[in-house]
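Here's the letter readout for the chains.
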Amino acid sequence: MIELKTAEAIDKMAVTGRFVAETLAELSALARPGVNLLDLERRARRRVEERGAVSCYWDYAPSFGRGPFRNVICLSVNDAVLHGRPRHHVLRDGDVLSLDFAVSVDGWVADSAVTVLVGTPRPQDQRLVESTRAALDAGIAAAVPGARIGDVSAAIGAVAASHGYPVNMQFGGHGLGRTMHEDPHVPNKGRPGRGLKLQPGMTLALEPWWSASTDELQVDDDGWTLRFADGSHGAHSEHTIAITEDGARVLTRLER
Ligand code: MG
Ligand code: MG
């Protein structure tokens, strides 16, 4: 069942979204060569505690992970792209770091991810990261009332296809609100005109992610971190949005 949120609920999700966005901005600025991933986890944990937020990851135990997750942020480096478990790793010049963060404040969840190029970026990594950002923008633009999930998926997937990047269909976007993962699933590629019709009050996390050369993943020994099977670098961009009469409202973007 999909809960249509009231305007008040969406405003509350926007409060959570702002906290998520500020946290990701702060951690992104800290992600420089020489910084340990565990320092970023600690900083995120302190912010969660100070805000009185509830981490959606702590004790998260879905079918695909091993045991409860005991961190508040996912940090995925280079060929790792999703569910990266923070570990002892000192960031190096040229590392590609994806940060994925979801919390609940006053009972309402927001979920967002960014990919940061540490130090001097490689041009091919820059293209990859920009493609997931562009795909996210395209998905947001397509998420208007009356459109269908397939329209959003197709808009995201078209950006990947324009670069020749393959798209994994196992993990994608999702509904969210009172919990982190709710219906519907929003694949990162699809057919226009197919699937559920979008209505004002729906809240979704859109999250394009891919590598330049494969959609095949392997799980690390930690039971969580998902890594591209061919060692290629990954990128991931995610926003939480609300469908409104006027189109999508992005709840996890800081106004400039
Ligand atoms: Mg996320
Ligand atoms: Mg998500």
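Structure: see above.
Residues numbered from 1 in each chain as written. Chains lettered and ligands numbered in written order. Predicted model: local features only at pLDDT ≥ 70, side-chain atom pairs only at ≥ 80, totals over all residues. Heavy atoms only, no water.

With that settled, the discussion passes to the coordination of the magnesium ion (ligand 1). Every protein donor of the magnesium ion (ligand 1) is listed here as Asp100 (OD), Asp100 (OD), Asp111 (OD) and Glu238 (OE), and their distances to the metal cover 2.0 to 2.7 Å. Between consecutive donors of the magnesium ion (ligand 1), the numbers of intervening residues give the motif D-x10-D-x126-E. Classification of Asp100 as buried rests on a relative accessible area of 11%. The class for Asp111 is buried, based on a relative accessible area of 2%. (Donors = N, O, S within 2.8 Å, 3.2 Å for Na, K, Ca; no water. Buried < 20%, exposed > 50% of the residue type's maximum accessible area, 1.4 Å probe, protein only.)

Pairing in this open sheet of 5 strands is antiparallel, and the strands run 7-6-8-13-14 from one edge to the other. Of all strands in the sheet, those with a lone pairing partner are strand 7 (182-186) and strand 14 (247-250), marking the two edges. Adjacent strand axes in the sheet meet at a mean angle of 30 degrees, parallel and antiparallel pairs treated alike. Pairing geometry for strand 6 (residues 173-175) and strand 7, over 3 bridges, is antiparallel. Residue pairing for strand 7: Gly175 is matched across the bridge by Glu182. Sitting on the sheet, helix 1 (residues 7-30) is in contact with strand 8 (203-206), strand 13 (239-244) and strand 14, with an inclination near 40 degrees to strand 14. (Pairing = 2+ DSSP bridges. Helix = DSSP H or I, 4+ residues; strand = E, 2+ residues; numbered from the N terminus. Axes fitted to C-alpha atoms, helices over the stretch in contact; angles between N-to-C directions. Contact = heavy atoms within 4.5 Å.)

Next up on the list: unusual backbone geometry. Following Asp183, the chain continues to Pro184 via a peptide bond in cis, the omega torsion being 0 degrees. When you line up the elements, Pro184 lands in strand 7. The phi dihedral of Asn78 falls on the positive side, at around 60 degrees, and the residue is not glycine. Residue position: Asn78 is located in the loop between strand 2 (74-77) and strand 3 (80-82). Judged by relative accessible area, Asn78 falls into the buried class, the value being 15%.

Attention shifts here to the packing of helix 3 (residues 123-142) against helix 4 (residues 149-163). With their axes 8 Å apart at the nearest point, helix 3 and helix 4 run at an angle of 155 degrees to one another. Accordingly, the angle class assigned to the pair helix 3 and helix 4 is roughly antiparallel. As for the relative orientation of helix 3 and helix 4, their crossing is right-handed in sense. Contacts from Ser131, Ala134, Ala135, Ala138, Gly139 and Ala142 in helix 3 reach Asp151, Val152, Ala155, Ile156, Val159 and His163 in helix 4. Among the residues making up the contact of helix 3 with helix 4, the classes are represented as 8 nonpolar, 3 polar and 1 charged. (Parallel < 35°, antiparallel > 145°, perpendicular 65-115°, else oblique. Left-handed = near helix turned anticlockwise from the far one by under 90°. Nonpolar A, V, L, I, M, F, W, Y, C, P; charged D, E, K, R; others polar.)

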